[in-house]
Amino acid sequence: MVGTKVRERPDTGQDVLVAPPTEVAAARATGDDDFEALESIISARHLDFFYGKEQALFDNNLEIKKNRVTAVIGPSGCGKSTHIRTYNRIYELYRDHKATGEVIFDGRNVLAPGTDLLDLRRRMGMIFQKPSPFPMTVFDNVAYGLRQHYRLSRSELADRVEDALKRSALWDEVKHKLGEPGVALSGGQQQRLCIARCIATEPDVVLMDEPASAIDPVATSKIEELMESLKENYTIVIVTHNMQQAARVSDYTAFFYEGHIVEFGPTTQIFSNPQQKQTEDYITGRFS
Amino acid sequence: MSAPQSGERRPATPSLALAALRPRSHGRRKALDAFIKGFAYVAATVGIAVMLLIVYEVVRRGAATIDWGFFTELPPVVGEEGGGLGNALLGTLVITAVAAALALPVGFLGGVWLAEFGRNGRIATGVRMVANVNMGIPSIVVGVFIFALLVKPLQHYSGVAGSIALAFIMLPVMARTTEDMLNLVPNELRESALAMGVPRWRVTLGVIIRAARSGLITGAVLATVRVAGETAPLLFTALSSPYWLNSLFGPEGFFGGPTANLTKTVYDFSGMPYARMQELAWGGALVIIAAVLGLNVLMRLVFQRGKEW
Ligand SMILES: Nc1ncnc2c1ncn2[C@@H]1O[C@H](COP(=O)(O)OP(=O)(O)O)[C@@H](O)[C@H]1O
Ligand SMILES: [Mg+2]
């Protein structure tokens, strides 16, 4: 692990890697949050998930705090994606995927029948691992959700598109390419295009499923900077298996293991003083 | 993945005393490789050669017949010179166009339903099976079927019966091609569009179909071109006619009577003991082959860029 330092584990005397406090502190403007006092925008309660007969999540309980960045970490296959995909019910695209329990968003259980999925998804945007620009121009990509959800004049639409691209740090690179196909952009630009498309409709929450794992390091750092600026206005839930990234960008961290939420707390605490042995093993790079 | 045991790491070197790895002899595998490659080349060459031979022969015999009159005139009276296959060309165009108009929209919608909505459900599985079976029915059987269904009860052959027979053949082809093309669109794209809070039908129309559009257009054109070259389904339906298709109804009209078409005319004329008729048959064959080949090549060229999502 780069950018970490070593400390000794009291019980076994083994060397343990921890994220450097300076790095964590720098990212932690809200380090002295009072967790209990903060408003939860999403609460998962007794959430189970099934792929057919195979259970992938077991009794997940998690509080996502408003205007904070929550990182979801854990080894691959532990259920990180599965968990956040219940929030916007995107898993329903597949017939035999089922969630039980509750996901309370804004006071309502989104898993309950009768949820307005279109409104839910407008308010909860999602960024996927693989950038997926729609088969249309850069402009139309960003305008796609706006056109669906709002009545806008031509010039209002253009303003909104420009604003979303600026906030996604993409405007300067694409302002002369608005009429070109979105797929013609580079991978990192495509991912920022997806972010622009997502934030253009002004969701309350942005769910990110390993948004930087399929793109190059430069583009990754751009997206991390972007998250820093986005968190003022949005609640962000980011799945990542890059622990430096989790330490850098998040306020709270949930550690998943084999479908269970093993530990959840302030990122500083998870990385410097994990309470569970599995968490410690994971963040110290003992398994992945 | 198993939970890691406390303080236990995988040893860097295997603990078992393993025998050294012995490289395998490559001689046999190389020989087999060469044999299979050689066989593939021979097979490909034979296939291409046969096609080129057909094209060569058809061009050699047919090219001289093709002139302006070939496209604009009626066939000559038996034994006379001159004339053309104008009526057959027009008939084939109309019969095929009507078939396409009947089959393509329905086939397309059916394919969209199979890929996007029915998917692995019971009804979809049944529909898919019926479509596959229909694609396997010999085209002459389709012709006889439409004969029994339409021609016999109405007491006359007609162009529209031919169109319906061709549409019957196109329908499952179009449905399955559409389904296949939409299945090539990655699910990530569906998920990202749905995650924007856009209803499924709009996602399908605005994103998924658009992503697959080049494949869909190619599929539709090739399905149409394929049936344009069919003879068997027309033998019992459109039949043939020495006259122009000059009205919709009436004894030589599209709905009312036998309608001239290229393939049946080629079939008829090629068997006649008159040089001019045989020349015209070669010319007709050339036009069909040129249209089929030409459109295939054109589709490849236009949509070569392929991936659009
Ligand atoms: N479409 C699926 N069908 C069946 N099982 C799945 C599917 N997707 C994921 N799983 C299983 O669910 C578990 C959690 O997967 P996932 O949430 O993708 O993990 P992560 O995002 O943490 O890597 C894994 O064991 C995986 O094999
Ligand atoms: Mg995942």
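Treat the numbers as computed from the prediction; the structure is a model and nothing was measured.

Focus: the overall build of chain A
When helices and strands are tallied, chain A shows eleven helices and twelve strands. For chain A, the exposed surface amounts to about 12,300 Å²; the carbon and sulfur share of it is 48%.

Looking at the nonpolar core
Residue and element names in this part refer to chain A. In this structure, Ile42 and Tyr87 are the most contacted members of the largest nonpolar core, which totals 54 residues. What Ile42 contacts, discounting residues up to four positions off in sequence, is Leu62, Glu63, Ile64, Tyr87, Val103, Ile104, Phe105, Met124 and Val205. Counting residues in each nonpolar core, the second largest holds 30 residues, with Val69, Ile195, Ile215 and Ile283 among its members.

Overview of helix 3 (residues 86-118) of chain B
Residue and element names in this part refer to chain B. The terminal C-alpha atoms of helix 3 lie 45 Å apart, and with 33 residues this matches the ideal 48 Å at 1.5 Å per residue to within 8%. At Ala103, helix 3 shows its largest bend, some 25°, and a proline, Pro105, comes one to four positions later. Within two residues after helix 3, Arg119 carries a phi angle of roughly 45°, on the positive side.

Thoughts on the packing of aromatic side chains
Geometrically, a pair of aromatic rings is defined through the distance of the ring centres and the angle of the planes. A full pass over the atoms with the stated rule returns 13 aromatic pairs over all chains. Centre to centre, the rings of Phe145(B) and Phe168(B) are 5.4 Å apart; their planes meet at 50°, and the pair counts as tilted. Within this pair, whereas Phe145(B) is found in helix 5 (residues 139-154), its partner Phe168(B) is found in helix 6 (residues 159-183), the two being separated by 23 residues in sequence. Note on Phe145(B): relative accessible area 38%, which makes it partly exposed. Ring centres 6.0 Å apart and planes at 70° place the aromatic pair Phe147(B) and Phe236(B) in the edge-to-face group. Placement of the pair is Phe147(B) in helix 5 and Phe236(B) in the loop between helix 10 (232-235) and helix 11 (262-270), with a sequence separation of 89 residues. Through a chain of ring-to-ring contacts, three or more aromatic side chains come together here, namely Phe35(A), Tyr252(A) and Phe264(A). Taking NZ or CZ as reference, Arg197(A) lies 3.7 Å from the ring centre of Phe134(A), over its face.

What to know about the pairing of strand 6 (residues 97-105) of chain A
Residues and elements named next belong to chain A. Alignment of strand 3 (residues 40-51) against strand 6, held across eight bridges, turns out to be antiparallel. From the neighbouring strand, Phe50 faces strand 6, where its bridge partner is Lys98. In the sheet, strand 6 pairs with strand 7 (residues 108-109) via two bridges, with the strands oriented antiparallel. The residue of strand 7 that forms the bridge with Ile104 is Asn109. Taken together, strand 6 and the strand that follows it, strand 7, pair antiparallel across an intervening segment of two residues, in which Asp106 is found at a positive phi of about 55°.

Let's talk about the sheet that holds strand 10 (residues 235-239) of chain A
Residues and elements named next belong to chain A. Within the open sheet, the six strands sit side by side as 8-9-10-5-11-12. Their pairing is mixed. Lying at the two open borders of the sheet, with one neighbouring strand each, are strand 8 (124-127) and strand 12 (260-266). With strand direction ignored, the average angle separating the axes of adjacent strands in the sheet is 15°. Relative to strand 9 (residues 205-209), strand 8 runs parallel, the two being bridged by four bridges. Bridged to Met124 within strand 9 is Val205. Contacts from helix 2 (residues 80-87) reach strand 5 (69-73), strand 8, strand 9, strand 10, strand 11 (252-257) and strand 12, with the element oriented near 155° to strand 9. Relative to strand 8, helix 7 (residues 187-200) is tilted by about 175°, and along the sheet it contacts strand 8 and strand 9.

Details of the pattern of salt bridges
Per the counting criterion, the structure on display carries 26 salt bridges over all chains. Salt-bridge contacts for Asp172(A) lead to Lys175(A); the nearest nitrogen and oxygen are separated by 3.6 Å. For Lys175(A), a relative accessible area of 35% gives the class partly exposed. Here the residues in one salt-bridge network are Arg128(B), Arg176(B), Glu179(B) and Asp180(B), joined through shared partners.

Comments concerning the sheet that holds strand 7 of chain A
All names here are of chain A. Read across the open sheet, the four strands follow the order 4-3-6-7; overall the sheet is antiparallel. Edge positions in the sheet fall to strand 4 (54-65) and strand 7, since each of these pairs with one other strand and no more. Strand contacts of helix 2: strand 3, strand 4 and strand 6, with the helix running at about 120° to strand 3, the strand carrying the most contacts.

A word on the site of ligand 1
Residue and element names in this part refer to chain A. Within the structure, ligand 1 sits among Tyr51, Ala56, Pro75, Ser76, Gly77, Cys78, Gly79, Lys80, Ser81, Thr82 and His97. Taking Gly79, its main chain carries an N or O atom lying 3.1 Å from an oxygen atom of ligand 1. Taking Lys80, its main chain carries an N or O atom lying 2.9 Å from an oxygen atom of ligand 1. Within the complex, the protein chains bury 56% of what would otherwise be the 560 Å² of accessible surface of ligand 1. Per-element tally for the shell around ligand 1: the top contributor is helix 2, with three residues. Considered class by class, the residues forming the shell around ligand 1 number four nonpolar, six polar and one charged.

Definitions and cut-offs
Going along each chain's sequence as written, the residues are numbered from 1 onward. Chains carry letters and ligands carry numbers; both start at the beginning, A for chains and 1 for ligands, and go up in the order they are written. Confidence filtering applies because this is a predicted model: local features only for residues at pLDDT of at least 70, side-chain atom pairs given and counted only at 80 or more, and all residues used for totals across whole chains, interfaces and linings. Side-chain numbers come from the whole structure's heavy atoms, not from hydrogens or water. Helix and strand definitions here come from DSSP, where helices need a minimum of 4 consecutive H or I residues and strands a minimum of 2 consecutive E residues; each element is numbered from the N-terminal end. Computed by Shrake-Rupley with a 1.4 Å probe, the accessible areas treat only the displayed protein chains as cover when residues are assessed. Residues enter a nonpolar core if they are buried and are Ala, Val, Leu, Ile, Met, Phe, Trp, Tyr or Cys, with the set joined through side-chain atoms within 4.5 Å. Categorising residues by exposure relies on relative accessible area from a 1.4 Å probe, with only protein chains included: less than 20% of the type maximum marks a residue as buried, more than 50% marks it as exposed, and the intermediate range marks it as partly exposed. In this analysis, two residues are considered to be in contact whenever any of their non-hydrogen atoms come within 4.5 Å of each other. Expected helix span is taken as 1.5 Å per residue step, with the number of steps being one fewer than the number of residues. Take the seven residues that end at a residue and the seven that start at it, fit an axis to each, and the angle between those axes is the bend at that residue. Classification of ring pairs uses Phe, Tyr and Trp, with its six-membered ring standing for Trp, and accepts pairs whose centres are within 6.5 Å; under 30 degrees between planes counts as stacked, over 60 as edge-to-face, and the remaining range as tilted. Whether a charge lies above a ring is judged from NZ of Lys or CZ of Arg, which has to be within 6 Å of the ring centre and within 35 degrees of the ring normal. In short, DSSP must find at least two bridges between two strands for them to pair. Where helices are involved, their axes are fitted lines through C-alpha atoms of the stretch in contact, as for all axes, and angles between N-to-C directions lie from 0 to 180°. For this document, the term salt bridge refers to a Lys or Arg side-chain nitrogen within 4 Å of an Asp or Glu carboxyl oxygen. Nearness is defined per residue: one heavy atom within 4 Å of the molecule or strand is enough. Here a polar contact means two N or O atoms within 3.5 Å. Within protein one must be a hydrogen donor candidate and the other an acceptor candidate, and residues neighboring in sequence count only if both atoms are side-chain atoms. Each residue is assigned to one of three groups, with Ala, Val, Leu, Ile, Met, Phe, Trp, Tyr, Cys and Pro labelled nonpolar, Asp, Glu, Lys and Arg labelled charged, and all others, Gly among them, labelled polar.

None of the figures reported here should be taken as evidence of function without further support.
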